[in-house]
Amino acid sequence: MREQTQQPVIILKEGTERKQGYEAQRENIAAARAVAEAVRTTLGPRGMDKMLVDTIGSVVITNDGIAILEELEIQHPAAKMMVEVAKTQNDEVGDGTTSAVVMAAELLRYAEELLEQDVHPSTIAKGYRLAENKAQELLNSIAIDVGKNDEVLWQVAATAITGKGAEAEKEIFCDIAVKAIKLIAEEDGTVDTDFITIERLTGGSAAESKLIEGVVIDKERVNASMPASAKEASVLLLNAPIEYKKTEMDAEISITSTAQLQAFLDEEERMIKAVVDRIVETGAKVLFCQKGIDDMAEHFLAKAGIMAVRRVKKSDMERLSRATGASVISSLDAISSDETGFAGLVEEKSVAGKRFIFVTDCKNPKAGTILVHGGTETVAFELQRAVDDALHVVATTFEDQRVVPGGGAPEIELSVGLRDYAGRIGGRSQLAVEAFARAFERIPLTLAENAGFDPIDTLMDLRTAHERGESTAGIDVATGKSADMVAQGIVDPLRVKTQAIASAAEAAIMILRIDDVIAAAAPSPGELPPQAAGMGGMGMPPMM
Ligand code: ADP
Ligand code: MG
């Protein structure tokens, strides 16, 4: 144990809580590890789910690391840094969140052991950096180039959803994910997953889920007297309100006679009619408006046989533009047939009791919507998260064309490689590199444990395989023994691992380097900004 620093002079505001040195480190590490503990049992194909109930009683059942951490509303500052790890992982690559958090916690666990042996935090940090660089280098050397290969895309999707609610309908969801990504891929091979949306539907069975090539909008036409469908339709996209212009100034119009009122209304009608006439002239059969459409405009549009939808989301407008080839016009003056696009079919349909506008049969849609059916809202939510993971891993693999074996294989390979490397470094950093090597083993250990096998037996088996040079050996969750993951089609995108290792190391180092925590006194209860709740309060009991 280290000596505590004395604080003879008080320089901080009354009530400020301060923890220094080893005490600060130990508390931060305990908090960070508690976060990993919250998600650890969900890892892998046999991971369990969590049921989370919020203050108003709504229930979330999930296996998804990031979903759990977001629901938990974690308060402790160091614990929040772990949540950031998961968020970064999710934003950057869409999968591998649990692995990243578990790895970061494990790095901290061994760091604490080294601190107890009086190894300086900077030495540990330095060793961890060396280890991280080496690990990335080794990881790259075992990555497999897969080129453009639909089967591998399918396999990464399957690996991502195994163990989640969507697994029961794996075939359907993997097919959907691969088709969706190929649909929106650019010629240069990049993929922007924003062009795929997932609509969650409560009712029906998961097997009814499908990919719609085109855009599905969660809206109805503005007026029931408008046509409910349009074929071979010219489409206009407008980002301006079709309403009588409100004056810029706060002018008051005083109307003193019915004749004046009539003149005023006539003027309004003339203006709206003129706009609708211009729309009719473009030949548009369908109008999507990002802003409002007033009653009078509605009336004229209906009379002209135009199907119109108002207050369409900006993101939907972008997708519509991409699918139909129409540009989004931002002023009424710019309405012209040059700006219209095309859809083979636009129709309002009801699916699982909800009305949608389907825009399909476009020439080169490059945008898609996945309709995910779940028997209940909770199921539908969890399916959506799984499909979202699948989409991201397929997109990443499509772009990078590089994968690594799953099932803990790369972690063991890197662990073995790092141990070897540590021997060549010497000095105290060697201890940290060895700690990094041990931390990697937590992934296969946890996969084995969650699948109900003796983790140590499995680990030994895997280590032996890797030392024999079987770099693709991972855990077979049916037997608990080592097996060739590539032969079984269990592969993860390289980028998911690269990112997980990078963010785990970064977070661990950052938390480790803090040796002084100064938390302001809490303001009066009831109006706490979350970070001020600070030091003591964790949402869950600390684990050891
Ligand atoms: P994460 O949030 O880290 O993605 P998951 O619960 O999705 O957590 O688990 C991912 C891990 O499970 C990866 O290491 C992956 O290779 C592994 N995995 C997935 N499917 C299988 C399988 N069929 N057999 C063995 N390991 C698998
Ligand atoms: Mg996953």
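Residues numbered from 1 in each chain as written. Chains lettered and ligands numbered in written order. Predicted model: local features only at pLDDT ≥ 70, side-chain atom pairs only at ≥ 80, totals over all residues. Heavy atoms only, no water.

Re the overall build of the chain
Okay, step 1: Along the chain, the regular secondary structure elements total 16 helices and 18 strands.
Okay, step 2: In terms of overall dimensions, the chain has C-alpha extents of about 95 × 65 × 40 Å along its principal axes.
Okay, step 3: A buried classification covers 50% of the 544 residues belonging to the chain.
Okay, step 4: For the chain, restricting intrachain contacts to residue pairs at least 6 apart in sequence, the fraction spanning at least 24 positions comes to 75%. (Helix = DSSP H or I, 4+ residues; strand = E, 2+ residues; numbered from the N terminus. Buried < 20%, exposed > 50% of the residue type's maximum accessible area, 1.4 Å probe, protein only. Contact = heavy atoms within 4.5 Å.)

Regarding the site of ligand 1
Okay, step 1: Lining the immediate surroundings of ligand 1 are 19 residues, of which D95, T98, S99, G407 and D492 lie closest.
Okay, step 2: Separating an oxygen atom of ligand 1 from a side-chain N or O atom of D95 is a distance of 2.8 Å.
Okay, step 3: Contact between ligand 1 and S99: an oxygen atom at 2.5 Å from a side-chain N or O atom of the residue.
Okay, step 4: In isolation ligand 1 exposes 570 Å². Once the protein is present, 94% of that is buried.
Okay, step 5: Residues of the shell around ligand 1, tallied by class, amount to 5 nonpolar, 10 polar and 4 charged. (Near = heavy atom within 4 Å. Polar contact = N/O pair within 3.5 Å; in protein donor to acceptor, adjacent residues only side chain to side chain. Areas by Shrake-Rupley, 256 points an atom, 1.4 Å probe, with all protein chains shown as cover. Nonpolar A, V, L, I, M, F, W, Y, C, P; charged D, E, K, R; others polar.)

What to know about the sheet that holds strand 4 (residues 144-145)
Okay, step 1: Read across the open sheet, the 3 strands follow the order 4-14-17; overall the sheet is antiparallel. The open sheet is flanked by strand 4 and strand 17 (491-493), the only strands paired with a single partner.
Okay, step 2: Here 2 bridges tie strand 4 to strand 14 (residues 402-405), and the two strands are oriented antiparallel to one another. Within the sheet, the bridge partner assigned to D145 lies in strand 14 and is R402.
Okay, step 3: The strands touched by helix 16 (residues 494-512) are strand 14 and strand 17; relative to strand 17, the strand with the most contacts, the crossing angle is about 65 degrees. (Pairing = 2+ DSSP bridges. Axes fitted to C-alpha atoms, helices over the stretch in contact; angles between N-to-C directions.)

Remarks on the packing of aromatic side chains
Okay, step 1: Inspection of every chain in the model, using the stated rule, returns 2 aromatic pairs.
Okay, step 2: A centroid spacing of 5.5 Å and a plane angle of 85 degrees characterise the contact between Y128 and F436, whose relative ring orientation is edge-to-face. Residue Y128 is located in helix 5 (residues 121-142), and its partner F436 is located in helix 13 (residues 429-440); the two are separated by 308 residues in the primary sequence. Each member of the pair Y128 and F436 is classed as buried.
Okay, step 3: One aromatic cluster is present, formed by Y128, F436 and F440 through successive ring pairs.
Okay, step 4: Directly above the aromatic system of F398 lies the positively charged group of K148, at a separation of 4.2 Å from the ring centroid.
Okay, step 5: Note that K273 overlies the ring of F300, its terminal NZ or CZ placed 5.8 Å from the centroid. (Phe/Tyr/Trp six-rings, centres within 6.5 Å; stacked < 30°, edge-to-face > 60°. Lys NZ or Arg CZ within 6 Å of the ring centre and 35° of its normal.)

Description of the environment of A439
Okay, step 1: Along the chain, the position of A439 falls in helix 13.
Okay, step 2: Taking relative accessible area as the criterion, A439 reaches 0% and is therefore assigned buried.
Okay, step 3: In the structure, A439 is positioned 398 residues away from T41 in sequence and 17 Å away in space, judged by C-alpha atoms.
Okay, step 4: Look past the residues within four positions of A439 in its chain and what remains in contact with it is M103, E106, L107 and Y110.

Let's talk about a negative patch on the surface
Okay, step 1: Together, D54, E70, E71, E73, D91 and E92 make up a negatively charged patch on the protein surface.
Okay, step 2: Put simply, the parts of the chain that give the negative patch at least two residues each are helix 2 (65-72) and helix 3 (77-93).
Okay, step 3: The topology assignment puts E73 in the loop between helix 2 and helix 3. (Patch = residues over 30% accessible without salt bridge, like charges linked within 9 Å, V, L, I, M, F, W, Y side chains within 5 Å. Salt bridge = Lys/Arg side-chain N within 4 Å of Asp/Glu carboxyl O. Lys, Arg positive; Asp, Glu negative; His and termini not counted. Charge placed at Lys NZ, Arg CZ, Asp CG, Glu CD.)

Section: the pairing of strand 5 (residues 196-202)
Okay, step 1: Counting buried residues along strand 5, 5 of its 7 residues qualify, which places the element largely inside the surrounding structure.
Okay, step 2: Pairing of strand 5 with strand 13 (residues 368-374) involves 7 bridges; the strand directions are parallel. Of the residues in strand 13, the one forming a bridge with I196 is G368.

Quick word on the environment of P121
Okay, step 1: Along the polypeptide, P121 turns up in helix 5.
Okay, step 2: Counting along the chain gives 71 residues from P121 to D192, while the straight-line C-alpha distance between them is 41 Å.
Okay, step 3: Beyond its immediate stretch of four places on either side in the chain, P121 contacts Q25, L115 and L512.

Overview of the side chain of E112
Okay, step 1: With respect to the helices and strands, the residue E112 is situated in helix 4 (residues 97-116).
Okay, step 2: Of the side chains bearing the opposite charge, R33 lies closest to the buried E112, which forms no salt bridge; the N-O distance is 4.3 Å.
Okay, step 3: Excluding residues that lie within four positions of it along the chain, E112 makes contacts with Y22, R26, I29 and R33.

A word on unusual backbone geometry
Okay, step 1: The phi dihedral of E73 falls on the positive side, at around 50 degrees, and the residue is not glycine.
Okay, step 2: Its identity as a non-glycine residue notwithstanding, D118 has a phi of 70 degrees, on the positive side.
Okay, step 3: Here D118 lies in the loop between helix 4 and helix 5.

Notes on the packing of helix 4 against helix 13
Okay, step 1: Following both chains from N to C, one finds helix 4 and helix 13 inclined at 140 degrees, their axes separated by 9 Å at the closest point. You can see that helix 4 and helix 13 cross each other, and the crossing is right-handed. Residue-level contacts link M103, E106, L107, Y110, E113 and L114 of helix 4 to L431, A432, A435, F436, R438, A439 and F440 of helix 13.
Okay, step 2: For the contact of helix 4 with helix 13, the class distribution of residues is 10 nonpolar, no polar and 3 charged. (Left-handed = near helix turned anticlockwise from the far one by under 90°.)

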